[in-house]
Amino acid sequence: MSRSSRRDYYSLQEIKKHDQPTDLWMVLYNKVYDVTDFCKYHLGGIEVLYDCGGSDATQAFEDVGHSDFAVEMLQPYLIGQVVPDEQREYHKLPAEEPFTDSTDVIESINFDEQEVEKLNEYVVRRVKESTNLTVLTFVALSSFILLVLIHIHR
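The shown structure was predicted, so the numbers you read here are calculated from the model rather than taken from an experiment.

(A) The arrangement of the overall build of the protein in detail. From N to C terminus, the protein includes 6 helices and 5 strands. Listing every helix and strand of the protein by position from the N terminus yields β-α-β-β-β-α-α-α-β-α-α. Buried positions account for 24% of the 154 residues belonging to the protein. Looking at the protein as shown, the accessible area adds up to about 11600 Å², and 57% of this sits on carbon and sulfur atoms.

Given below as structure tokens:
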């Protein structure tokens, strides 16, 4: 069913019919999504979406710990809601307000030049520290593996 022929409400029985990779619907928080085209963009892989196709995937969605941004990504795929008589109550509901990009917040703060310079220096220092830590971890792990290999071959 194309989004242009969208209805407002779907029964769970009807949703259950849409469980194939070429026709994949799921329910999140009583909202029905046609995720057929979304599968290729899902960062967690397509298999998990196939496993939840045609069903209420809210619990699996919550178990993974998706962000409000993940909910926002699904908005173009929203095709309706579960019929009111079949809707469930959930412990946690996603934020209703739209996702705001963090750049909006940063742009609204007026930094003077000196503060921007300090922030840049801090970021560069943190990147160097994390790079040094990564290199040290790699060297330590490599040394340990080398010692184990030497010990095994004796």
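(B) Looking closely at the UniProt feature "transmembrane region" (unreviewed entry) in the protein. As recorded in UniProt, the feature "transmembrane region" (unreviewed entry) lies at residues 133-152. Taken end to end, residues 133-152 is 100% helix and 0% strand, and its two terminal C-alpha atoms sit 28 Å from one another.

(C) Representation of the sheet that holds strand β3 (residues 23-28) within the structure. Pairing is mixed in the open sheet, where 5 strands are placed in the order β1-β5-β4-β3-β2. Bordering the open sheet on either side are β1 (9-10) and β2 (19-20), each of which pairs with just one other strand. In the sheet, β1 pairs with strand β5 (residues 78-82) via 2 bridges, with the strands oriented parallel. Within β5, the residue paired with Y10 across the bridge is V82.

(D) Quick peek at the nonpolar core. Of all hydrophobic cores here, the largest spans 25 residues; its most connected members are I15, L28, V32, Y33, V35, F61 and L74. Those elements giving two or more residues to this core turn out to be β3, β4 (31-34), α2 (46-52), α4 (68-74) and β5. Among the elements that make up this core, the one with the highest residue count is β3 (5 residues). Setting aside chain neighbours within four positions, we find F61 in contact with L28, Y29, H66, A70, V71 and L74.

(E) Region of the structure containing the packing of aromatic side chains. For the coordinates displayed, the defined rule picks out 4 aromatic pairs. Their ring planes at 70° and their centres at 4.9 Å tell us that Y10 and W25 sit as a pair that is edge-to-face. Pair noted here: Y10 is in strand β1 and W25 is in strand β3, with a separation of 15 residues, a long-range link. The exposure classification of Y10 matches that of W25, with both residues buried. Summarising the aromatic geometry, the rings of Y29 and F61 are spaced 6.2 Å apart at their centres and angled 90° between planes, so their arrangement reads as edge-to-face. With Y29 in the loop between β3 and β4 and F61 in helix α3 (residues 58-64), this pair connects stretches of sequence that are 32 residues apart. Three or more aromatic residues link up through ring pairs in this structure, and these residues are Y29, F61 and Y90.

(F) Region of the structure containing the pattern of salt bridges. Taken as a whole and judged by the stated rule, the model has 1 salt bridge. Put simply, R88 and D56 hold a salt bridge, and the shortest N to O gap is 3.4 Å. Pair noted here: R88 is in the loop between β5 and α5 (102-108) and D56 is in the loop between α2 and α3, with a separation of 32 residues, a long-range link.

(G) Main features of the confidence of the model for the protein. Chain-level pLDDT for the protein is 79 on average; 72% of the residues reach the 70-or-more range. Every residue in residues 99-106 scores below 50 in pLDDT, and together they form 3 contacts with partners more than four places removed in sequence or on other chains.

(H) Fine view of the pairing of β4. Bridge count for β3 against β4 is 4 bridges, and the pairing is antiparallel. When the bridges of β4 are listed, M26 appears paired with Y33. Linking β3 back to β4 in an antiparallel pair, the connection comprises 2 residues, with Y29 at a positive phi of about 55°. Looking at chain direction, β4 and β5 are connected through 3 bridges and run antiparallel. Directly across from Y33, in β5, lies its bridge partner L78.

The rules behind each value
- Residues numbered from 1 in each chain as written.
- Predicted model: local features only at pLDDT ≥ 70, side-chain atom pairs only at ≥ 80, totals over all residues.
- Heavy atoms only, no water.
- Helix = DSSP H or I, 4+ residues; strand = E, 2+ residues; numbered from the N terminus.
- Buried < 20%, exposed > 50% of the residue type's maximum accessible area, 1.4 Å probe, protein only.
- Areas by Shrake-Rupley, 256 points an atom, 1.4 Å probe, with all protein chains shown as cover.
- UniProt positions renumbered as here; feature names shortened; annotations may be inferred.
- Pairing = 2+ DSSP bridges.
- Core = buried A, V, L, I, M, F, W, Y, C linked by side-chain atoms within 4.5 Å.
- Contact = heavy atoms within 4.5 Å.
- Phe/Tyr/Trp six-rings, centres within 6.5 Å; stacked < 30°, edge-to-face > 60°.
- Salt bridge = Lys/Arg side-chain N within 4 Å of Asp/Glu carboxyl O.
- pLDDT = per-residue confidence, 0-100.

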